[in-house]
Amino acid sequence: MAAPEPQPEGSRSLSALLSGIAQAAFHGNADITEELLRDQLYPEAPPEEFRALRAKMGGLLQSIASADMDLNQLEAFLTAQTKKQGGITPDQAAVIAKFWKNHRTQIHESLVSQSRWDHGLKNMSWRVDLKSQLRHIDQINTPVAIVEMELGKNGQESEFLCLEFDEAKVSQMLKKLSEIEESMTLLTQAT
Amino acid sequence: AADKIRLIPQDFLAELCEQIMQHLNHKIPGINTAELCQRIQTSGVDINIGDLAKIANTLSFLFSTAARNNLSTEELVTTLGSGVSTLPKHAVQVIRHVWNEQGKAIAVSEDAGNMATVGQFVDMKWKLGVAMSSDTCRSLKYPYVTVTLKVADPSGQITDKSFEMTIPQFKNFFRQFKEMASVLETV
């Protein structure tokens, strides 16, 4: 299959093509169609040729993103691709490498959010009130924190949870949160 | 729900009323409907948690109204008799007994209005996980925290609310609570 010309212009087009593919594949942008990409970036290319190019680049990007390749893995992978029959040119490899370096975090985050389907914490706000009602003798003038949490799933309406915490409850919460933080530190040390 | 109350064995009903009274007296944050329901079901009674919750709500309302109006035991029993005629005898007995023992001690809360939407934090469970792989990404390696809050809603029912946080979200969550603690200290 004929590879696009390895000139600066070709690099720019290829880079833009990778952006378009990423937008459609990872960020859910349905407006980026094959026709749009071809018209914008490779207007002179015959449709089948462009289709093949898009498919090849898409496949490579998919492999790279799925494995969340680091620089070493990426280099090994791309080098292997340049040596393959019907693979990519060294210039194309360079463009892909540069693209991945710049977009890896963004694309990975997008893939992560696609796999989060339980309730997430969307937002949280709080204030401190002074309870002055004579509800129970030992509750005169006790400060309480009122916390509002917005819980929701992707694309669904949020649920608002409004909770009251006195000083003791906040301490209780802080103790648990410290435990979590400790576990997290151990986790990051281990991996 | 009035019919279902006749299904509840007397000692379980007494326990429910006890919890309700303790909740109204701010001794406990909430009524453990789920746990009680499970035990009632184990004893062979066919009642679901929705019905039990309704009964708990009704009794809670009954007791708090009685407290607000300073009803004596006789007055309460009379009210019961005139209102819900289908209330079984053993239920009336339990309610009468519980009110007789503890009715006077309930302090009436005046802020019932604006407390309507705020729940009480009871406890928190957590787990830390790492999502390794998914159908869209083989190498996900995404650490997250799952938190389950035990919450007593304004009517006293205890429920669980679960949600997930990313590490940055968790750090922010932690930070907010630390700020809350320092504000509470200085107020």
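Per an unreviewed UniProt entry, the recorded name for chain B is COMM domain-containing protein 6, and the organism is Sylvia atricapilla. On record in UniProt, under Sequence similarities (unreviewed entry), the comment for chain B is "Belongs to the COMM domain-containing protein 6 family." In UniProt, chain B has this text filed under Function (unreviewed entry): "Scaffold protein in the commander complex that is essential for endosomal recycling of transmembrane cargos; the commander complex is composed of the CCC subcomplex and the retriever subcomplex. May modulate activity of cullin-RING E3 ubiquitin ligase (CRL) complexes. Down-regulates activation of NF-kappa-B. Inhibits TNF-induced NFKB1 activation."

Peer 1: Teacher, can you tell me more about the pairing of strand β2 (residues 142-152) of chain B here?
Peer 2: Both faces of the sheet carry side chains from a regular strand, because those side chains alternate between them. Residue and element names in this part refer to chain B. Within β2, 9 of the 11 residues are buried, leaving the element largely enclosed by the surrounding structure. As paired elements, strand β1 (residues 119-131) and β2 share 11 bridges and run antiparallel to each other. Looking across to β2, one finds that M124 is bridged to L149. In the sheet, β2 pairs with strand β3 (residues 158-166) via 9 bridges, with the strands oriented antiparallel. Each residue of the ladder has a partner; that of T148, found in β3, is S162. Linking β2 to β3, which pair antiparallel, is a turn of 5 residues; within it G156 sits at a positive phi near 105°.

Peer 1: Would you mind showing me how to read the interface of chain B and chain A here?
Peer 2: Size of an interface, as often reported, equals the accessible area lost when the parts are brought together. Listed as interface residues are 49 residues of chain B and, on the opposing side, 50 residues of chain A. Taken together, the two surfaces of chain B and chain A that pack against each other cover about 4,900 Å², and 70% of this comes from carbon and sulfur. Summed over the shared surface of chain B and chain A, the number is 3 salt bridges. Of the charged contacts, one joins R116 of chain A and E164 of chain B as a salt bridge, the two residues approaching to 3.2 Å between their closest N and O atoms. The interface formed by chain B and chain A includes 19 residue pairs in polar contact (both at pLDDT 80 or more). Where the side of chain B that touches chain A is concerned, the elements lending two or more residues are β1, β2, β3 and α6 (167-186) of chain B. When grouped by side-chain class, the residues that make up the side of chain B that touches chain A number 28 nonpolar, 13 polar and 8 charged. One ladder, built from 2 bridges, connects strand β3 (residues 159-165) of chain A with β1 of chain B; its direction is parallel. Bridge pairing in β1 of chain B places E164 of chain A opposite Q120 of chain B.

Peer 1: I tried to follow the packing of helix α4 (residues 71-83) of chain A against helix α5 (residues 90-114) of chain A on my own but got confused; where do I start?
Peer 2: Two quantities define a packed helix pair, namely the angle between the helix axes and the distance between the axes. All names here are of chain A. It is the contact of α4 with α5, at a shortest axis distance of 10 Å, that shows an interaxial angle of 155°. It follows that α4 is roughly antiparallel to α5 by the angle criterion. Where α4 crosses over α5, the two elements pack in a sense that is right-handed. Contact with α4, carried on its side by L71, L74, L78 and T82, involves P90, A93, I96, A97, W100 and K101 of α5 and no other residues of that element. Tallied by class, residues from the contact of α4 with α5 come to 8 nonpolar, 1 polar and 1 charged.

Peer 1: How do you make sense of the nonpolar core when you look at a structure like this?
Peer 2: If you look at soluble globular proteins, the nonpolar side chains tend to sit buried side by side. Counting residues in hydrophobic clusters, the biggest one holds 36 residues, and the most contacted among them are L17, M57, L78, I96 and I107 of chain A. Of all elements in the fold, only α1 (8-25), α3 (47-66), α4 and α5 of chain A together with β2 of chain B reach the threshold of two or more residues within this core. Beyond its immediate stretch of four places on either side in the chain, L17 of chain A contacts L37, L41, Y42, F50, L53 and M57 of chain A. One finds F12, L16, L62 and I95 of chain B within the second-largest nonpolar core, a separate group that totals 32 residues.

Rules and cut-offs
- Residues numbered from 1 in each chain as written.
- Chains lettered and ligands numbered in written order.
- Predicted model: local features only at pLDDT ≥ 70, side-chain atom pairs only at ≥ 80, totals over all residues.
- Heavy atoms only, no water.
- UniProt positions renumbered as here; feature names shortened; annotations may be inferred.
- Buried < 20%, exposed > 50% of the residue type's maximum accessible area, 1.4 Å probe, protein only.
- Helix = DSSP H or I, 4+ residues; strand = E, 2+ residues; numbered from the N terminus.
- Pairing = 2+ DSSP bridges.
- Contact = heavy atoms within 4.5 Å.
- Buried area = accessible area lost by both parts, 1.4 Å probe.
- Salt bridge = Lys/Arg side-chain N within 4 Å of Asp/Glu carboxyl O.
- Polar contact = N/O pair within 3.5 Å; in protein donor to acceptor, adjacent residues only side chain to side chain.
- Nonpolar A, V, L, I, M, F, W, Y, C, P; charged D, E, K, R; others polar.
- Axes fitted to C-alpha atoms, helices over the stretch in contact; angles between N-to-C directions.
- Parallel < 35°, antiparallel > 145°, perpendicular 65-115°, else oblique.
- Left-handed = near helix turned anticlockwise from the far one by under 90°.
- Core = buried A, V, L, I, M, F, W, Y, C linked by side-chain atoms within 4.5 Å.

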